[in-house]
Amino acid sequence: MNASPPDTQAAAGAAQAAPEGAAEAMPETVNTPETEAEKAVTPREAIAVLLGAAMKPKAVKAFAKSWSIRLTALAVGVLIWQWATAINFNYFINFENIPSPVKVWTAFVAHVQSTEFYIHIAVSMQRIFIGYMSAVGLGILLGLVIGRSRLARDVISPYIEILRPIPAVAWIPLAILMWPTEESSIIYITFLGALFPIILNTAHGAELTPDVLIRAAKSLGANRREIFWHVVIPAALPSITAGLAIGMGVSWFSLLAGEIISGQYGIGYFTWNAYSLINYPDIVVGMLMIGGLGTLSTYAVRLATRPLLSWQRRSR
Amino acid sequence: MIANIINLSRDKDASAAAVQAGKNLSSEGKGHVTIEDVSVVFGAGADAHTAVESTQLEVHPGEFLCILGPSGCGKSTLLNSVAGFVQPSSGTVAVDGVPVTGPGPERGMVFQQYSLMPWKTVRDNVAFGPLLAGQSKSEAQSIAYTFLNMVGLTRFAKHYPAELSGGMQQRVGIARALANYPSVLLMDEPFGALDAQTRLMMQENLLRIWEDFGTTVMFVTHDVDEAVFLADRVVIMSAAPGRIIDDFRVDIPRPRTTDITTDDTYIQLKRRCMDRIRSESLRAFEQQNH
């Protein structure tokens, strides 16, 4: 037996022979790019480093560029909106009664100073959280079962196919009839929104488990349960996490429909109420709040699930 | 630096222990494969296709056997029936007297495709088998390091498979199969996807490990050079239906290096393989034309 592996010898040799070139030869010092990044920090890079994981200078540049383009694009949209309302644009699309960005901003600033606004947000977030979490639990479970068992697929998928296209608003009467409290009806509607994308993505991922990996696990002595845990679930993770992010978006999407039921709080209720009171700036404030909070929560889901996929990002 | 040296010496001890364990396996006479009158038929009725026809084969403990044949001749099917992935339509496969009914860790498998779990580190891939066998996490990891050291990849223990080259991934695959101390190592064209230089290195590396470990090896290949270079004994299979048409010993002393490729015995045996395969291909070709 040649007990000393040639790779180790080579690395050790390189480290001794060329102390200055050691950084290139030794994989132990892979953190060099990050330390370089810290040395020459521009404000942009600092922001990027704060926002995301520590990145290489090149990636920081690309990140900063991408975000400046995004923000500029949004700014251009707001300017066009301001312009269209300022000139009372009315050519097929009518902007005459649309509140201008300035008016919406004024309304927003006023709300931000009131406690009630935060209650609306907190109540909505709590509903989304409960509905979404229930959907995550049930959705992943059902998705995995559907993906791996033909019988389960034949039993469950007709329900999914029929229920999936039904819009959240259409559920309002039944939700009220089915559930004991107003609150539970609202949560049920946000839950439904998140459920289907999670089930479908999970099932898709579980179906695509590479056969050779299952065979490899079997020949290493894995039983059905171990194969499920060590092979099927990790192989489905990229799909599952995609489903989780989409599900979060759809959950917010359904919120307004759910909160039409509510008589008091919630950002969806806030929007619906503004509609009833013909308070145009508030409608837009509510819409944008739903959009903004939805985006933030989707981003939070992506951040939270990212460590699960570290094996993917580290590929060559 | 010092830590590195300490690591190395610890690895040395550990690998010596592993080698000892491997030797123990073969000295007990384990790894005796008997294939009796095995046929494998896929499909039914008019679509039925006989992949392997009434095949008889005995592999002795510690023997390095190469199954050589053109693609589609059923050599992988025969191997898979030993692995337990394919149930023979008739006949029996047994390892050390125990009939094969399904896959199991005592028959280690190295696949042609990359088959490491991409979400497990190199170390955890190798430790997976011992862990399934009921070893504690730390025991399983120390076994993993032992075998990673054997294939020279200790340095990459904490990397993910996607960060490794194809040849390195297959070395991890070999370490993973050996970590269960199998009595038979089944290899299905494991170096088929590698470039010629890497393949040569892998072959030499495999022989070194096998000479230390001493387990029975069944190695499927369509490469004549590979078969003669590696094997104690070569069996040649013909296609449609798959059956064994030749069976001979390779009496070239070990340890072997690439130098033996100019050896007279080597050249004679290589010619024998090529003649056999050529006449079979011609026969098959004529059959198709009639």
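Conventions used here
Residues numbered from 1 in each chain as written. Chains lettered and ligands numbered in written order. Predicted model: local features only at pLDDT ≥ 70, side-chain atom pairs only at ≥ 80, totals over all residues. Helix = DSSP H or I, 4+ residues; strand = E, 2+ residues; numbered from the N terminus. Buried ≥ 20, exposed ≤ 12 C-beta atoms within 10 Å, placed from the backbone. Contact = placed C-beta atoms within 7 Å. Expected span 1.5 Å × (residues − 1). Core = buried A, V, L, I, M, F, W, Y, C linked by C-beta atoms within 7 Å. Pairing = 2+ DSSP bridges. Axes fitted to C-alpha atoms, helices over the stretch in contact; angles between N-to-C directions. pLDDT = per-residue confidence, 0-100.

(A) A look at the overall build of chain B. Looking only at helices and strands, chain B has eight helices and ten strands in total. Here chain B, with 290 residues, has 46% of them falling under the buried criterion.

(B) Inspection of the overall build of chain A at higher detail. Regarding its fold elements, chain A presents 15 helices and two strands. Counting every position in chain A, which comprises 316 residues, the buried fraction comes to 31%. If you take every contact in chain A between residues at least 6 apart in sequence, the share linking residues at least 24 apart comes to 65%.

(C) Quick look at helix H10 (residues 182–207) of chain A. For H10 of chain A, spanning 26 residues, the distance from its first C-alpha to its last is 38 Å, which sits close to the expected 38 Å at 1.5 Å a residue. Most of H10 of chain A sits inside the fold, with 21 of its 26 residues counted as buried.

(D) Main features of helix H14 (residues 280–305) of chain A. All names here are of chain A. Here H14 spans 38 Å end to end across 26 residues, near enough to the 38 Å set by a 1.5 Å rise per residue. Buried residues of H14: Pro281, Asp282, Ile283, Val284, Val285, Gly286, Met289 and Ile290, and no others. Where H14 is buried, its residues contact helix H6 (101–112), helix H12 (224–259) and helix H13 (267–276).

(E) Summary view of the nonpolar core. Judged by nonpolar contacts, the single largest core of 133 residues is most densely connected at Leu65, Ile67, Phe147, Ala175 and Met218 of chain B. When neighbours within four sequence positions are excluded, Leu65 of chain B is seen to be in contact with Val59, Val217, Met218, Phe219, Ala231, Asp232, Arg233 and Val235 of chain B.

(F) Expanded view of the sheet that holds strand E6 (residues 107–110) of chain B. All names here are of chain B. Strand order in the open sheet made by the six strands is E6-E7-E8-E3-E9-E10, with mixed pairing throughout. Across the chains shown, the open sheet's two edge strands, defined by having one partner strand only, are E6 and strand E10 (243–249). Mean inter-strand twist for the sheet, computed between neighbouring axes without regard to direction, equals 20°. In terms of strand pairing, strand E3 (residues 64–68) meets strand E8 (residues 216–221) through five bridges, oriented parallel. Paired with Phe64 across the bridge in E8 is Val217.

(G) Spotlight on the confidence of the model for chain A. For chain A, mean pLDDT is 84; residues scoring 70 or higher make up 81% of the total. Long-range and interchain partners of residues 1–40 of chain A, a stretch whose pLDDT sits below 50, account for 41 contacts in this model, where long-range means more than four residues apart.

(H) Structural detail: unusual backbone geometry. In this chain, Arg254 of chain B is followed by Pro255 of chain B through a cis amide linkage whose omega measures -5°. With respect to the helices and strands, Pro255 of chain B occurs in the loop between E10 and helix H8 (264–289). For Asn88 of chain A, which is not glycine, the phi torsion reads 50° and is therefore positive. Tracing the backbone shows Asn88 of chain A in the loop between helix H5 (57–86) and strand E1 (90–91). What makes Asn88 of chain A exposed here is the crowd of 11 C-beta atoms within 10 Å. A positive phi is found at Phe92 of chain A, a non-glycine position, where the angle reads about 70°. Residue position: Phe92 of chain A is located in the loop between E1 and strand E2 (93–94).

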